[in-house]
Amino acid sequence: MKQSLTEKQKERLKTLEPKLDFAIKNRDYQTAKGLVHDIQVILGPTQHYVRLCQSKNKLFEFAIDLCDFEFAISGLNSNRTILNRQTRIYLESTTLLAIAYLRLQEVEKAKPFIKEVLTNQTVIKSERTRKIFHEEIINRFNEEVALCSLKNSSNPEFDENEIEQDVINLIQNLSDQEIFEQIGQASPKSTKDLIFLVYDFSTKQLTHNERLTLPSPEQKLKDAEVGITVFQSIKRVLYNSLCNPESEIYQVWFNNGMQLILSKGYIKTAVLSCLIGLGIGIKMIAVSIIALIMKLGIEVYCDRYKPMGLMEIREKKN
């Protein structure tokens, strides 16, 4: 039986939940784990499972980003056993489970969860909101597939002088659309095949009317579309380096302006470090991402490409 929270417990949660958000934003995994444990101590015995799983999902999404898949998968399966299947938080837990398996490139294991999410017509009752949710989730699946499939087992290396010259050439000679096409052309066939496979499977779970509003799987394989998907996929990792107000790059930009950022090569360094960390060593992808961000500027990039967690899709779109 669900119990009412005491005033003391409510006050404690008002402290713990914002601290969790702050820890995740600052990539502090151990602190985030400890905070979720403290939240569970309060909400578990009182059976406030929806509120508890909202915090847990934030932690599990963070765990997926850090490649702690065993922890995330185990926790998400646990969430699904205690939650009402006809709730949005159950749907979000299921989506994260699909994402975890996509990151592992285990598409067949991801498929049942993708299907469960996209065929549910009862949890999100508004047709408009459900359509937005489905589109956002399918885009997220595409991004996850691109991210995992671009990884290379060897250690990527870049010649920074060559990169710098190529970036200047792209900025001077190509439009944004043409740069996205360059990313698509540089992406391996295996990435495109996996994007097609997952996108085709995902859209087949939708109603006929919903499918008509989305690009076809063939359209998703056009170079510019693949380029956009790849660019969007890397933003989830890159955003914190460029846009966290506590980061060195953001502080330099805020205090000294974009010119110093460009002259010191901060963006180039951040992008290359991000790609090396992800195991992505394709030179043209690196060059193109740097060029796009330099053309946009830090402020516009940080505003336009802020990654959304699954919880935020629900909060912002409804």
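Going by the structure above, here's the rest.
For clarity, every value in this text was computed on a predicted model and none was experimentally measured.

A.B. asks: What's the story with empty space enclosed by the protein in this structure? I'm lost.
C.D. replies: If a probe as big as a water molecule is rolled over the atoms, it shows which places are left empty. Under the criterion given, the structure shown has two cavities of 30 Å³ or more. Taken as a whole, the second largest cavity encloses approximately 40 Å³ of empty space. As for the second largest cavity, its lining consists of Lys-131, His-134, Glu-135, Leu-206, Glu-210, Thr-213 and Leu-214. Element by element, the count of residues in the lining of the second largest cavity is highest for helix H7 (residues 127-149), at three residues. Residues of the lining of the second largest cavity, tallied by class, amount to two nonpolar, two polar and three charged.

A.B. asks: For this particular structure, what's the right way to read the packing of aromatic side chains?
C.D. replies: Aromatic ring pairs are reported here in terms of the distance separating the ring centres and the angle at which the planes meet. Tallied over the entire structure, the rule returns nine aromatic pairs. Between Tyr-101 and Phe-113 the ring centres are 6.0 Å apart and the planes differ by 5°, which places this aromatic pair in the stacked class. Here the residue Tyr-101 occupies a position in helix H5 (residues 88-103), and Phe-113 occupies one in helix H6 (residues 107-119), the gap between them amounting to 12 residues. Phe-113 shares its class with Tyr-101; the two are buried. Each member of the aromatic cluster is reached from another via a ring pair, and the members are Phe-180, Phe-231, Tyr-239, Tyr-301 and Tyr-305. The side chain of Lys-33 reaches across the aromatic face of Phe-71, ending 4.4 Å from its centre.

A.B. asks: In this structure, what is going on with the packing of helix H13 (residues 223-243) against helix H17 (residues 283-296)? I would like to understand it.
C.D. replies: Between two packed helices, the angle of one axis relative to the other and the distance separating the axes together describe the packing. Where H13 meets H17, the closest approach of the two axes is 12 Å, and the angle between their N-to-C directions is 65°. For the pair H13 and H17, the crossing hand works out as right-handed. The residues of H17 that touch H13, namely those facing Val-230, Phe-231, Ile-234, Leu-238 and Leu-242, are Ile-285, Ile-289, Leu-292 and Ile-293.

A.B. asks: How should I be thinking about unusual backbone geometry in this particular structure?
C.D. replies: What is expected of a backbone is that most residues other than glycine have negative phi and most peptide bonds are trans. Positive phi, close to 60°, is recorded for Arg-27, a residue that is not glycine. Along the chain, Arg-27 turns up in the loop between helix H1 (7-25) and helix H2 (29-43). A residue is classified by how much of its surface remains accessible, and Arg-27, at 35% relative accessible area, is partly exposed. If you check the backbone angles, Gln-105 has positive phi at about 60° while not being a glycine.

The rules behind each value
Residues numbered from 1 in each chain as written. Predicted model: local features only at pLDDT ≥ 70, side-chain atom pairs only at ≥ 80, totals over all residues. Heavy atoms only, no water. 1 Å grid on protein atoms, 1.4 Å probe; cavity = no way out; pocket = protein on both sides within 12 Å on 5 of 7 lines; lining within 4 Å. Points joined across faces, edges and corners; volume = space filled by probe spheres on them. Helix = DSSP H or I, 4+ residues; strand = E, 2+ residues; numbered from the N terminus. Nonpolar A, V, L, I, M, F, W, Y, C, P; charged D, E, K, R; others polar. Phe/Tyr/Trp six-rings, centres within 6.5 Å; stacked < 30°, edge-to-face > 60°. Buried < 20%, exposed > 50% of the residue type's maximum accessible area, 1.4 Å probe, protein only. Lys NZ or Arg CZ within 6 Å of the ring centre and 35° of its normal. Axes fitted to C-alpha atoms, helices over the stretch in contact; angles between N-to-C directions. Left-handed = near helix turned anticlockwise from the far one by under 90°. Contact = heavy atoms within 4.5 Å.

In short, shape yes, function no, at least from these values alone.
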